[in-house]
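Residue-level structural notes
Read off the chains here:
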Amino acid sequence: AQKITQTQPGMFVQEKEAVTLDCTYDTSDQSYGLFWYKQPSSGEMIFLIYQGSYDEQNATEGRYSLNFQKARKSANLVISASQLGDSAMYFCAMREPNTGNQFYFGTGTSLTVIP
Amino acid sequence: GAVVSQHPSWVICKSGTSVKIECRSLDFQATTMFWYRQFPKQSLMLMATSNEGSKATYEQGVEKDKFLINHASLTLSTLTVTSAHPEDSSFYICSAADPVRAFGYTFGSGTRLTVV
């Protein structure tokens, strides 16, 4: 089974609007970490936000927030006030400390911000 | 956050030659680094886990004799693509555990390899 599922291959959003990128995950561990990374066309992976499995509050980092619904095993990324520079690929990832520390990545969502 | 430097950022080589990619942790020690491969418009696939002072652990399906990994120091891991073929053309990216952020990983800027 896929560890991380991103069901939106591509998304469009109007500049200054908010957009939600979906991510669901699969794990039987109690301790895990969820991440979102942005990958612009240059290829670098830019860390955006992190949510720990025991964190009770949803993580926020500036215009990024993570809508963490543990029972549903979802960790959606919300980008508020979209900017043209937000156009990029976005990857959801999970790390399970008990299984070798590797990252499991989703297939990514390509976000295009329309002026 | 911590910085991982990866070089070169792009390389073109002829079929049959070998190419070395370096991944260096700046200002922190990385006992473990990870090497990923990414095909166009696809996700990152873990190739191997590089352990300082010991042999790398390769994921299933990754040829260890083709993708040689050396992690000789706490700040440097190298990936050598040996006898490169056009099908090895891809984007290779390394990462290391970020000592600042709990659970976090920081990534190198990636290397785009084209084999002609």
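An account of the accompanying structure is given in this report. Quick caveat: nothing in here was measured; it's all calculated off a predicted structure.

We now examine the environment of Arg63(A). Residue and element names in this part refer to chain A. Among the secondary structure elements, Arg63 is positioned in the loop between β7 (60-61) and β8 (64-69). With 11 residues separating them in the primary sequence, Arg63 and Ser74 have C-alpha atoms 19 Å apart. Contacts of Arg63, omitting those with residues within four sequence positions, involve Val78, Ile79, Ser80, Ala81, Ser82, Gln83 and Asp86. At a separation of 3.5 Å, a polar atom in the side chain of Arg63 contacts the side chain of Gln83. At a separation of 2.8 Å, a polar atom in the side chain of Arg63 contacts the side chain of Asp86.

The next point concerns the sheet that holds strand β3 (residues 19-26) of chain B. Residues and elements named next belong to chain B. Taken in spatial order, the 4 strands of this open sheet run β1-β3-β8-β7, and their pairing is antiparallel. Looking at which strands have only one partner, the edges of the open sheet turn out to be β1 (3-7) and β7 (67-73). Strand after strand, the sheet turns through a mean of 15° between neighbouring axes, direction not considered. Bridge count between β7 and strand β8 (residues 76-81): 5 bridges; the pairing is antiparallel. Across the sheet, residue Asn70 finds its bridge partner in β8, namely Thr78.

As a further point, take the interface of chain B and chain A. Many descriptions give the size of an interface as the accessible area lost when the pieces come together. Contact with chain B, which involves 19 residues of that partner, is made by 21 residues of chain A. Summing the contributions of chain B and of chain A, the shared interface buries around 1,600 Å²; its carbon and sulfur component is 60%. Summed over the shared surface of chain B and chain A, the result is 3 residue pairs in polar contact (both at pLDDT 80 or more). Of all the secondary structure elements, the ones that give two or more residues to the side of chain B that touches chain A are β4 (32-38), β5 (44-51), β9 (90-97) and β10 (105-107) of chain B. The element best represented in the side of chain B that touches chain A is β4(B), accounting for 3 residues. For the side of chain B that touches chain A, the class distribution of residues is 10 nonpolar, 6 polar and 3 charged.

Two cysteines joined by a covalent bond between their sulfur atoms form a disulfide. Tallying each qualifying case throughout the model produces 2 disulfides over all chains. A disulfide bridge connects Cys23(A) with Cys92(A), and the sulfur atoms are separated by 2.0 Å. Residues Cys23(A) and Cys92(A) share a disulfide whose torsion about the S-S bond is about -65°; that sign makes it left-handed. Taken as a pair, Cys23(A) in the loop between β3 (19-21) and β4 (24-25) and Cys92(A) in strand β10 (residues 88-95) lie far apart in primary sequence, 69 residues in all. In this structure Cys23(A) comes out as buried when scored by relative accessible area, which is 0%. A relative accessible area of 0% means that Cys92(A) is categorised as buried. Of all cysteine sulfurs, the one in Cys94(B) lies closest to Cys13(B), which takes part in no disulfide; the gap is 18 Å. Owing to a relative accessible area of 9%, Cys13(B) belongs among the buried residues under this scheme.

What counts and what doesn't
- Residues numbered from 1 in each chain as written.
- Chains lettered and ligands numbered in written order.
- Predicted model: local features only at pLDDT ≥ 70, side-chain atom pairs only at ≥ 80, totals over all residues.
- Heavy atoms only, no water.
- Helix = DSSP H or I, 4+ residues; strand = E, 2+ residues; numbered from the N terminus.
- Contact = heavy atoms within 4.5 Å.
- Polar contact = N/O pair within 3.5 Å; in protein donor to acceptor, adjacent residues only side chain to side chain.
- Pairing = 2+ DSSP bridges.
- Axes fitted to C-alpha atoms, helices over the stretch in contact; angles between N-to-C directions.
- Buried area = accessible area lost by both parts, 1.4 Å probe.
- Nonpolar A, V, L, I, M, F, W, Y, C, P; charged D, E, K, R; others polar.
- Disulfide = S-S within 2.5 Å.
- Buried < 20%, exposed > 50% of the residue type's maximum accessible area, 1.4 Å probe, protein only.

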